[in-house]
Each structure stands twice: as structure tokens, then as C-alpha cells.
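Residue strings, one per chain:
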Amino acid sequence: MRRSYLGEFEEVVLLTVAVLGTGAYGVAITDELDRQTGRAVSISAVHAALHRLEEKGMLKSHLGEATAERGGRRKRLFSVTVLGSRTLHDIRAVRDQLWDSISPQGLPAVSL
Amino acid sequence: MKPQKPPQWASRLLAWFCAPHLLEEIQGDLHERFVRRARLFGERDARWQYAWEVLKFMQPRFLKRKPDYSPKPQRIAMLRNYFTIACRTILQQKSYAFINVMGLALGLSACIVIFLVFRNELTYDAFNRKADRTYRVTISAGDYNPSVSFAIAPAFRTDFPEMEQVSQYYYQGEAQIQVDKQRYLEESFAYADGYFPQVFDFNWLAGDPKTALQEPNTVVLTESIARKYFGDQDALGKTIRLDNAYDLRVTGVMKDLPSNTHLVFNFLVSWETVRKKLDTPHFWSISGGYLYVVLPEKLLPKRVEARIPAFIRKNWGDDIAKDAALLLQPLREIHFDKRYLTQITMPRSKETIYGLAGVALVIILTACINFVNLATAQAVRRSKEVGIRKALGAFRRQLVGQMLGETTLLVGLATVLALGAVWAFLPLTKPLLNIGIDASQLVEPQVIAVVFGVVLSTILLAGLYPAFVQSGFQPIKALRSRSTEASFGGMTVRKALVILQFAITQVMIIGTLVVASQMDFFQNQDMGFEKEAIVSFPTGAKADVLRQKLQDNPGVQQLSFASAGPAFNFNFMPFASPELGMVENDVTELKLVDENYISMYHLELLAGEPIIKTAEDDTIRNVIVNQTLIRRLGIQKDEDAIGKRVRVGGGPSIIRGVVRDFQSESKHKKIRACVLTYNSRAFWQVSVKLRPQNLRETLATIEKDWTDLNPESIFRYEFVDEHIAKLYKQEETLYNAFRLFAGIAIVIGGLGLFGLVSLMAVQRTKEVGIRKVLGASVGSIVVLLSREFVWLMLIAFVIAAPLAWYGMDAWLQEYAYHIQIGPSIFLVAILVTFVIAAFTVSFQSIKAALVNPVKSLRSE
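Definitions and cut-offs
- Residue positions within a chain follow its written sequence, with the count starting from 1.
- Each chain gets a letter, beginning with A, and each ligand a number, beginning with 1, in the order they are written.
- Per-residue local features are limited, in this predicted model, to residues with pLDDT of at least 70; the limit for side-chain atom pairs, both in listing and counting, is 80 or more; totals at the level of whole chains, interfaces and linings are taken over all residues.
- Under the scheme used here, helices are H or I runs from DSSP no shorter than 4 residues and strands are E runs no shorter than 2 residues, and both carry numbers assigned from the N terminus.
- The contact criterion used is a C-beta to C-beta distance within 7 Å, with each C-beta placed from the backbone.
- Where helices are involved, their axes are fitted lines through C-alpha atoms of the stretch in contact, as for all axes, and angles between N-to-C directions lie from 0 to 180°.
- Angles are sorted into four bins: roughly parallel if under 35 degrees, roughly antiparallel if over 145, roughly perpendicular if 65 to 115, and oblique for all others.
- Each crossing gets its hand from how the near helix is turned against the far one by less than a right angle, where anticlockwise is left-handed and clockwise is right-handed.
- Just so you know the grouping, Ala, Val, Leu, Ile, Met, Phe, Trp, Tyr, Cys and Pro go in nonpolar, Asp, Glu, Lys and Arg go in charged, and all remaining residues, Gly too, go in polar.
- Pairing between strands is defined by DSSP: at least two bridges between them are needed.

Going by what an unreviewed UniProt entry lists, chain A is known as PadR family transcriptional regulator and is assigned to Larkinella punicea.

## Observations regarding the overall build of chain A
When its secondary structure is counted, chain A shows four helices and two strands. Considering only intrachain contacts with a sequence separation of at least 6, the fraction spanning at least 24 residues in chain A is 48%.

## A few points about the interface of chain A and chain B
Contacts between chain A and chain B engage 15 residues on the former and 16 residues on the latter. Listing elements by their share of the side of chain A that touches chain B, those giving two or more residues are α2 (26–37), α3 (43–56) and β2 (73–80) of chain A. Examining the composition of the side of chain A that touches chain B, we find that five residues originate from one element, α3 of chain A, more than from any other.

## A look at the packing of helix α20 (residues 543–552) of chain B against helix α23 (residues 695–709) of chain B
Axis angle and axis distance: for two packed helices, these are the angle between their axes and the distance between the axes, and together they describe the pair. All names here are of chain B. Two elements in contact, α20 and α23, have axes whose closest approach is 10 Å; the angle formed by their N-to-C orientations is 160°. By the angle between their directions, the pair α20 and α23 is classed as roughly antiparallel. Read as a crossing pair, α20 and α23 show a hand that is right-handed. Mapping the contact onto sequence places Val545, Leu546, Lys549 and Leu550 in α20 and Ile702, Asp705, Trp706 and Leu709 in α23. Tallied by class, the residues present in the contact of α20 with α23 amount to six nonpolar, no polar and two charged.

## Describing unusual backbone geometry
Glycine aside, residues mostly have negative phi angles, and peptide bonds mostly take the trans form. All names here are of chain B. The phi dihedral of Asn217 is positive, around 60°, even though this residue is not glycine. Looking at where Asn217 falls in the secondary structure, it is placed in the loop between β5 (204–206) and β6 (218–222). For Asp243, which is not a glycine, the phi torsion comes out positive at approximately 45°. Within the secondary structure, Asp243 sits in the loop between β7 (239–242) and β8 (246–254).

## Re the pairing of strand β17 (residues 621–626) of chain B
Residues and elements named next belong to chain B. With six bridges joining them, β17 and strand β19 (residues 651–659) adopt parallel strand pairing. Considered in β19, the bridge of Asn626 is made with Val659. In this structure, β17 lies alongside strand β20 (residues 674–678), joined through three bridges in antiparallel fashion. Paired with Val623 across the two strands is Thr677, which belongs to β20.

Put into C-alpha cells, the structure is as follows:
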């Protein structure tokens, strides 16, 4: 099987970019992560992850509009590349395959 | 509501460390979060959070700059272009490059040599591991004397058992050595006891330092002596014969002494060999022995000195304890302590050494000034280049880099030349400066580091200012017109630098003149006695036969037997005169002489009668004294002293005559009291006044006669004036150094002036042409071009004269007898500078004035 080069946090960030669609930039991604996962992530960690993902070719970016609340600075807007998309799908396939292989007694029941 | 601002320092910090290509998005994100937080939680909280987030961005990922994708070859091409231009400029302006490189090379080599000298001087005796705890025991009894009686060492050992080492050393000087059948007359002969090698860490090549000097009749040689006697054979165990008296077995060989030690010896004979013969219980029997002690760690010398009076009282009684004290002189101070002038190696004052270092700085400064002057003056020529470079987008930083690079090229060239020059010069340091410096020192890390530092600071000193001036040109101005000098300013700076340079040169000239006249004063001033064509040598055996032979020698004009000539002093005695109310003892020199002494040396008898031959066993001695002695007794008129009674060395004497004071020591010291009396038992030295004709034959005859009487010995003689010159060896060294370095400073200054004037002449070519067309004479144009320098020189003189006077006067104070710095010296100094300046300036200005105006005005 092909190895996917993603760490857990990178995977989550990549997914979040996908969730946000056209409006994915640093602050928005951090907020979304906060909301979806409930964990407090630092903006620098998000930037680092985005940077890494871009280096790996799973994200691409372009500079967007400048806004007043940003002190007149532009956003860097990220979107998932084909490679990123395929990697996400691969990971998901592996997970699904694993889930499917779990026998009903394999996991202790979790009461909701 | 005014817009809220994140903390400025954090923003600045971010902008500083963050990679530029990431900066904008990060700044934006942080700002956005800040604004939101400020709204939600208040500004204070938001500011804190902002700063915290900025700090968290400090990770390598965000620090790392984006690799520069601008194609590399361009840079190399640019560098190549810089290099090409630099080479072209140098070749185009050959004479300026030459002046710059020569000046810098001279300056750098002087600097390096002086640094080596400086290092050598300041590390005197530091090679000994125990140097900081080692002291020399000296006597202070009104006067300071570095050597003490041989009685002190054993007593010291008994009474100060806590001393780590107590070691006796005794410098004899000349000796005669016989190896097999061959006789040698050797200098630098010394004795030392078995503890000596434990006090001083010499470099032993053979033999055991612990045992080599313990037994009697053993000797340790230096490498060069061992090689001289035994060639490549092993010297250990061989025998040499000393002064026809002792057969010494070689028990060790050590490397020749380093240049930075106060000790001087080539032979070290075990003290046991002569201990019994020289042993003395008396405190005052001082014959040149040095005593070294090593204190245990943490014992202060003061504590030892405090116990000295009790120590002297216990061993030698109250009288001596009252008169004399022993001092502990730190080993590393010996080389600098000017109180002890009777040493084998004369001390050198630290001021002289620091003065020399100052000279080095001044010289390199002069060379840098040249560079700055020429570079700024020349900057105009290159204004077009700078303009074009700027127009094509060069940053100022790049231009500064380019100019500094050119400076580095020239300084580098100069450094290579300088190192070569230093290499060639080092063997001359011994004869010229009396300091032996080995060329191997050049590759020591410390020296390399300092040389590198000097070169680097030279580059910055010489290059920075011109680089900034040049890179500061406005391209539009530089390109628009044939700019003239004035539009760039810098003239005042250049004038100030020329003044500084003139001032330096003048200080050096005045210094050299003062040292020169003091040297002349030393050697040629009246000493109070005759010193021409007088040769002295040891009496040897059979004095009466020798006297007869000398009298029969037609080349001998006059001769005298004595204990010592006027310029030697070995014998000192206490004197007093209870009859005249002088009870306390004072010190006088004692010279035991024959009846011819006063007339041969032309001592001037002021009152009384000359010395007559008397019987040795007279209870009352007839003495002749000098003026200092009778003044000490309180007698003003010379005649009044005749017939007065004095006690010299305890015995009663009657003053029979008074002679004018004569200089028996170097002019460092005041003339002392002196007593002359007849005593044929002490006629150790013969002095002979030779007739000027056939000097060589006469000396040969004397040598033959003397050797016939003393077949076992080698005849050695010394001319009195040569002996006197030796007393000022230290000063002669200084004089040589001054002449050398002043010469270098003057040459550098002259080179700079020459370059500057020629540049100015070139720049004013048109002006000169027009003036000539309008009828100016050659003379008036020369004056026009030179006038300014006369002014600069005069201003420099006003600065230089007081400085030089102050420094040189301080130096002269070291001598009891010295010249006065008169106006003539300053006059000569300014004249010399004027002549040098006039010569360099006029050469170029006359050349410029003679140019045919048709040529200079033809082309635009």
C-alpha cells in the first residue's frame, strides 16, 4: 500500500481546509478546528502544518483580498490539491477497511 | 474609538525574525485575531495574547529565509566586474597604488616589528613556572644594589626555612677557557648552586637539572657553546679548564637562553666549585652575587620583608641593621626597575616600551591617512563610475562593499610585502635594537592573531571613510557635469588629516633630535678626564717587569697602574669625618692609583698636591678627593679641604689634594664622592696612553710582552672610549629605534604628501593653464600650489611642539645629567619638515606649472 505522509494533526488540518472550501486561511482554519474538535490549537501550529502540507504538495495557496481588520494585509487562501484529495481518500479507505474488519465483539461497547 | 494597536515591539520582533515571504499572511492572521480578541476580551488581554503568539512563531520553520532563486552566476559576474575594475584602477593610477601599497607595507612592517619587540619586553622572565613567586633579594642602603653578599644565602636558608627555594647565582663575566690545547676568551660566565635549575625553568637538552650543579667542578653549557667546543659530539662528561685553575666536567647542556630573560650566561659552573674560596661572613662584601628566593604560595613578600631587620640584626648586628635593608624584588619587575642600574643587562623603563607601541600606532595611522587622503581626492575621478552603478540599481551597501574590497586588495598586497620585509629585518633586531627576535615567532598563534587584527583594522580605518564618501555621490550630480573637487566637500577632512600627519612627523623629528643630542652629550661631552687613545688591560703577573717593558715601548706615551680607570668603579667604602662633624657614614668610591694616574687622565687638580708614591704601611693615608666629597663635608672652598682629616673605610686619612669632579659612571647617575690614594697592592689594571702613530704595532708589541709574562692567559684589552660607549648601549638602542621608526614615519608622510599634491595639480590643470595664458609666472603658480601646505605645516607645528616637548622632557628626567631642550631643536625640526614638504610639493607643482597651457587647455 502507498504510504501517506500525513501526521494526525496534518490530516485534521487538511480536512478542515476541505471543509472550509474557498475561505480557508489561517484564522478561519484555527477557528474551525476549535469548533469541530474542541481543542485549542495555536495559530503558529496551524501555520506550520499548512506550510508543511504545501511543501508536500497536498495544499496549494494564493493570496487573497486585503481587509481592514487584518491591518491591510492579504490572506493566504488554501485549497486541497489532487494529491491531497487522493491522500485523504486513501486514508479514509484504509480506515473503512479496518472498521469493516472489526468483528462485532472486537470493540467494547461504548454507551452514548 | 481610536483604532486599537497590537504591541509595537512584538510586531517589530515578528517583522525582524520572520522570513519575508511568510510575513504578510502571519501578520495579517495575528492582526485579525488581535482585533477580534480586543473586541471580545478587551485590549489588554488581546495585546498579551498577540505577543504570546508572536513568540510562538519563533521556530526554525518561520525563521528560515526562502532560498534566493536569483541566478548565482550573476553574482560571480558582479564580483568579477568589481575585481576587473579594481585592477584597472590600480593599473591606471599606478603611482597612487604604489604610494598606497608602499606606505601601508612600511607601516605594517614597522607595526609588526614593534609588536614583536613589545611582546618580547613584556614577557620578560615569564617563562618560569614559578615566576610570580620568585624574588631577587637586593640591598637598599641609601642606594639600591641588585647584588648581595654571599653571606646572606646560608643565613636566609636557616632563618627562613619556609622558603621553597633559596638560590645563589654569581655572574663573573669574562673568563678564559681551555679545551684540550685550544684557549678561548669567553664572556657570560656565571656560577649557580644546585637549586638554581629548580627556580628557573630552562630548556635542558642533556643532563639532569636536579643533579647537574650539585657537585664541585661541574659545568652546564648552552647549546651554542657546546657545539663550538665539541661539534656534534656528546658534550656530557667532557672536561674544560677554567681560568687555568679548575677542570670542569660538563654535566648538562641547555638551549641558548631566550631573548626575554634578565639572566645572561653561556656557562653555568656549580657554585660548590668556588664556594669555599668566595665564602664570607661579612654583610658588605658584595662582589656581584645575586640571590633568588621562591616564596611558598600565598606568602606575601611584605611579610618576609617585615622580618628582615630582625634577621640582619641577629646575623650581623645593630649597626648594619640600621644602615641597610634587604628588599624582595619581583622577578618579572627586574627588567623594568630603573633603580638598579649596575646590572649586567640594563633595565628598560616600561614608558619606553609603551612609547614604542605608541610609535607603532602612529606609523600605521600615518599610512592610513595617506590612503584616506589619496582615496578621497581620487574619488572625484570615479564619480562617473559610481553614478552609473547607482543608476543601474546598485545599493549603497554594495558600493561600500566594492570600495572596501578594493582597499582589502591593496592592504592584502601591502601585508604580503610587509611580512616579507619583517622576515628580512628580524635578523637585524639584535644588532640594531639589542633584542633578539626569532623569525619562528611570526607563526605563533598569538602573533598571527594580532597581525590579522592589525590588518583588519587597517582595512577599516583606511577604507571606511573613502567608501562612504564615494558611495554617497548623487548620481545625477556625478553624471551631469565634470564635477569639481569642491562640490564633494571632504576638503576640510583632508586638511585635518594632513595637519595630523605633519604633526606626527614633527613629533618624531623632534624626538629623534632630542635623543640624538642626548647621545652626543653622553659620548662627547667632557667627562672630566681624558679618554682618547687610552687602552686598559689587566696587570697579570710580574707587574714591575711589565712596567719596565711598557716604558721602553716607543709607542707608549704614558702609563698608569691602578685599581680601576676613571670610568670603572668596583670599590666602595664608607666615609665620615667626625672632626668636621660628619658622624653618619656615607658611601665613597675608592680608587687605588699610582703617581701617574692624575696626569695621564688629565684630572684637574684644583688644590693641594698630586699623589706621591708612599709606603703601604703608613698609618695615616694621604688621599686626594673630588669636589663632591668635600661639599658633602660642608667645605665650600677647595683650598680649605687641604689637611683635613676624614675616615675612609674606618682608617684615618688626610686630604692632600682636591680634583674636579669627573664622571665615573654613566650619566644616569649623579657623580659620587670619590677618594684616590696610592696603594700598589691593588694595581689590578694597567692603562696606557698610546701615541697616535703606529697604534696597531704598539698594541701588538704590548700583547707580545704581556703574553710572554703570562703564557697561560689570553691578552684582552679595551679602549676607554669604547668602554664608555658601552655604558650607553641601551640609549644607543633607543636612538636606533627612533631613527628607524621616525625615518619610516617621515617616508610614509612624504609619500602621502607627494601623492596628494600631484592629484591636486592634476585637478587644477585647467586653472593653471588659464593663469599661464593670462600671464602668471611659473614661480607664482608654484607658490599658489604650495602655499596651503605651508599653513598646514605651521598649524601642525603648533600642535606637535608642546606634545614632543612634554614627552621628551619626561624621558630626559631619567638621567641625572641631561641636555636642555632648547629652541634650536624645534627650529631644526620645523626646518626639516619644511624642506621635506617643500621638496615633495615643489616637485609636483613645478611640473604642473611648466606644462604648456596649449596642451592643458586644448581638450575638454
